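What follows is each chain in one-letter form.
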Amino acid sequence: MFEKKESYNIAIIGATGIVGESLLDILHTRKFPVKKIDPIASSRSAGNKVRFGDELLEVLDIEKYDFGRADIAFFSAGSDISKKFVPIATQSGAVVIDNTSAFRYEDNIPLIIPEVNPSDIGQFSKTNIISNPNCSTIQMLVALKPIHDRFNIKKINVSTYQAVSGSGKKGVNELLEQSHLYLNQQKITPSVYPKQIAFNVLPFVDSFCDNGYTKEEMKMVWETQKILDKNISVDATAVRVPVLIGHSESITVETSKPIDIDMVLNDYENDNSIKVIDNPDSHDYPTAFMDGHGTDKVFVGRIRKSINSDNILNIWVVADNVRKGAALNSIQIAEKLIEVS
């Protein structure tokens, strides 16, 4: 049972990573009711400092941390860390909001996008764990929820164009270093990615599954069916592109009912989490660099029906994968948890 309080003790596991830093920033800017924050990382990072507003907080060693100090623990340090330490945290009384794939597909653990399935959050009491979905799934389903509610989506075909920040700081550093080497006509040896990412496009994210799809692509299938509707069929192609922050997606949906674009636009205009940028005459559409970096909304453009069917709609969706795709969504889950408690 989660106890409602005036303020909460927060633990951030993975505090020195790109998502951990974003969690600290967003907790401060949204004025989350924080009593105390414990930034936590591996022993390598223990003793370093991270910023929370005007404060510098010392990073604690996860191996020595007492999770009994935390009301809410945000985990963003990889699946292996979550599998090891989340059970310890929950047994100590903390509610865990996990940003890894460790628990997403367990039936008794809710997988939450607050704008899409907030009513599922109450299921956390079975395990004291709430899972944060994959970044590419989050922005897609925020954009598709109004369409599904009105026209009933049957099929989704999506291609993602994913920034290197999806691989954390190491992905960002690899793109920057390779770009420098390329411009200076020096040899490039890939490390984080199997092929050169600078000035290149890789139709590969995560790892390959036996069915020929990548795990990233299958995450979008599994998570859409768990969060939005188990009857929706999903085909996904995940692509890594030389962009620092901001995922982009080309999405085609087929619906049971004929689509009225004016209704879609009206629904979007009345949705505080979505911003429409769609003016072909002035080449106005969302881009990762302009709209998917340091922003909290999901941006939608290139909204058009199929040439061949009134039941098929094409849209282009952009969002900050570090914020809305990870840190912000996690904090919105915590805010919803407090609201319903």
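These lines cover the structure that appears in this document, whether it is placed above or below.

Conventions used here
- Counting restarts for each chain, with residues numbered from 1 along the sequence as it is written.
- In view of the model being predicted, local features appear only for residues whose pLDDT reaches at least 70, and side-chain atom pairs are presented and counted only at 80 or more, with totals across whole chains, interfaces and linings using the full set of residues.
- Remark: hydrogens and water are excluded; side-chain values derive from all non-hydrogen atoms of the structure.
- Secondary structure elements follow DSSP: runs of H or I of four or more residues count as helices, runs of E of two or more count as strands, with numbering from the N terminus.
- For the radius of gyration, the atoms used are the C-alpha atoms, and the globule rule reads 2.2 Å times the number of residues raised to 0.38.
- Type-normalised accessible area, obtained with a 1.4 Å probe on protein chains alone, sets the label of each residue: buried when under 20%, exposed when over 50%, and partly exposed for intermediate values.
- For helices, the axis comes from a line fit to the C-alpha atoms of the stretch in contact; other axes are also lines fit to C-alpha atoms, and the angle between any two N-to-C directions lies between 0 and 180 degrees.
- Each angle is binned into one of four classes, with values under 35 degrees roughly parallel, values over 145 roughly antiparallel, values of 65 to 115 roughly perpendicular, and all other values oblique.
- Contacts are residue-level and defined by heavy atoms, with any inter-residue pair within 4.5 Å sufficient.
- The nonpolar class holds Ala, Val, Leu, Ile, Met, Phe, Trp, Tyr, Cys and Pro. Asp, Glu, Lys and Arg form the charged class, and all remaining residues, Gly among them, are polar.
- Any two rings among Phe, Tyr and Trp, with Trp reduced to its six-membered ring, count as a pair given centres within 6.5 Å; such a pair is stacked if its planes are under 30 degrees apart, edge-to-face if over 60, and tilted if neither.
- Here a polar contact means two N or O atoms within 3.5 Å. Within protein one must be a hydrogen donor candidate and the other an acceptor candidate, and residues neighboring in sequence count only if both atoms are side-chain atoms.
- The pairing criterion for strands is at least two bridges between them, as found by DSSP.

When helices and strands are tallied, the protein chain shows eight helices and 14 strands. Here the C-alpha atoms of the protein chain give a radius of gyration of 20 Å, agreeing with the 20 Å that 2.2 N^0.38 yields for 341 residues. Once the C-alpha set of the protein chain is aligned to its principal axes, its extents read approximately 60 × 55 × 40 Å. Split into buried and exposed, the 341 residues of the protein chain put 53% on the buried side.

Quick look at the packing of helix H3 (residues 135–151) against helix H8 (residues 323–340) now. It is the contact of H3 with H8, at a shortest axis distance of 8 Å, that shows an interaxial angle of 85°. In terms of orientation, H3 and H8 fall into the roughly perpendicular class. Contacts from Cys 135, Ile 138 and Val 142 of H3 reach H8 at Lys 324, Gly 325 and Asn 329. Here the contact of H3 with H8 is built from residues that sort into three nonpolar, two polar and one charged.

Glancing now at the packing of aromatic side chains. Under the defined criterion, the tally for this structure stands at seven aromatic pairs. Where Phe 2 meets Tyr 8, the ring centres are 5.5 Å apart and the plane angle is 15°; that geometry is what we call stacked. For Phe 2, a relative accessible area of 7% corresponds to the buried category. For the pair Tyr 105 and Trp 222, a centre-to-centre distance of 5.1 Å together with 70° between the ring planes defines the contact as edge-to-face.

Secondary-structure assignment places Ile 338 in helix H8. Spatially, the C-alpha atom of Ile 338 lies 8.5 Å from that of Glu 3, the residues being 335 residues apart in sequence. Discounting residues that sit within four places of it in the chain, Ile 338 has contacts with Phe 2, Lys 4, Tyr 8, Phe 32 and Pro 33.

For Ser 76, the position within the fold is in the loop between strand S6 (72–75) and helix H2 (79–91). Polar contacts involving the side chain of Ser 76 include one to the side chain of Asn 99, which spans 3.4 Å. The contact partners of Ser 76, leaving out residues within four places of it in the chain, are Ile 13, Gly 14, Val 19 and Asn 99.

With mixed pairing, the six strands of this open sheet are ordered in space as S10-S9-S11-S14-S13-S12. Across the chains shown, the open sheet's two edge strands, defined by having one partner strand only, are strand S10 (233–240) and strand S12 (274–276). Direction aside, the axes of adjacent strands within the sheet are offset by 20° on average. Note that strand S9 (residues 153–162) and strand S11 (residues 247–255) share eight bridges and pair antiparallel. Along S11, the bridge assignment pairs Ile 153 with Thr 255. In this fold H3 packs onto S9, S11, S12, strand S13 (298–305) and strand S14 (312–319), with an angle of close to 30° to the strand it touches most, S11. Strands in contact with helix H5 (residues 215–227) are S9, S10 and S11; relative to S10, the strand with the most contacts, it is inclined by about 145°.

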